[in-house]
Amino acid sequence: MNNKQFKQQFGQKIQSLRHLKKMTQEDLAEKVNRSRDSISNIERGFSSTRIETAYNLAKTLGVTFPELFDFDGAANNKGRAHRRLLEDVVRILQPHDDETISAIIKMIEGALTVHTKKERKK
């Protein structure tokens, strides 16, 4: 892999992880103290990034630093990201009592039913 290919794969990885987190380039830029243009250039493979920025990108995007450079395991990233999102839900719900959690589960189930019906109509 040459330098250009590396930057392109790294950029695609950043973009993919950012989309999984439902973040805009502006959101990500703000969290890692970079400009939106800087994030755009990284994602398009036009520029490299400092090690500190790469570390902050990994942390913000919810992956380990080595995972950020695992281009072969890209298919696994969706599974990891999905698991992390579910862990976030559990973390958010954990301090609440059973009655509140049950009510939230019913709301989630209702929202998913509506969403599924909309998807079927497409």
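Scroll up to find the structure.
It should be emphasised that the depicted structure is a prediction, and the values quoted were computed from it without experimental measurement.

**Comments concerning the environment of F46**
The residue F46 is located in the loop between α3 (36-43) and α4 (51-61) in this model. Residues F46 and K7 lie 39 residues apart in sequence; the distance between their C-alpha atoms is 7.1 Å. Once you skip the residues sitting within four places of it in the chain, F46 turns out to touch K7 and N41.

**What about the nonpolar core?**
Ranked by size, the top nonpolar core spans 16 residues in total, and within it F10, I14, L28, I39, L57, L61 and L68 carry the most contacts. The set of elements that each furnish at least two residues to this core consists of α1 (3-20), α2 (25-31), α3 and α4. Per-element tally for this core: the top contributor is α4, with four residues. Apart from residues lying up to four places away in sequence, I39 is in contact with Q25, L28, A29, V32, R34 and L57.

**Quick notes on a positive patch on the surface**
Together, K117, K118, R120 and K121 line one region of the surface with positive charge. Within the fold, K121 resides in helix α7 (residues 98-121).

Thresholds applied
Residues numbered from 1 in each chain as written. Predicted model: local features only at pLDDT ≥ 70, side-chain atom pairs only at ≥ 80, totals over all residues. Heavy atoms only, no water. Helix = DSSP H or I, 4+ residues; strand = E, 2+ residues; numbered from the N terminus. Contact = heavy atoms within 4.5 Å. Core = buried A, V, L, I, M, F, W, Y, C linked by side-chain atoms within 4.5 Å. Buried < 20%, exposed > 50% of the residue type's maximum accessible area, 1.4 Å probe, protein only. Patch = residues over 30% accessible without salt bridge, like charges linked within 9 Å, V, L, I, M, F, W, Y side chains within 5 Å. Areas by Shrake-Rupley, 256 points an atom, 1.4 Å probe, with all protein chains shown as cover. Salt bridge = Lys/Arg side-chain N within 4 Å of Asp/Glu carboxyl O. Lys, Arg positive; Asp, Glu negative; His and termini not counted. Charge placed at Lys NZ, Arg CZ, Asp CG, Glu CD.

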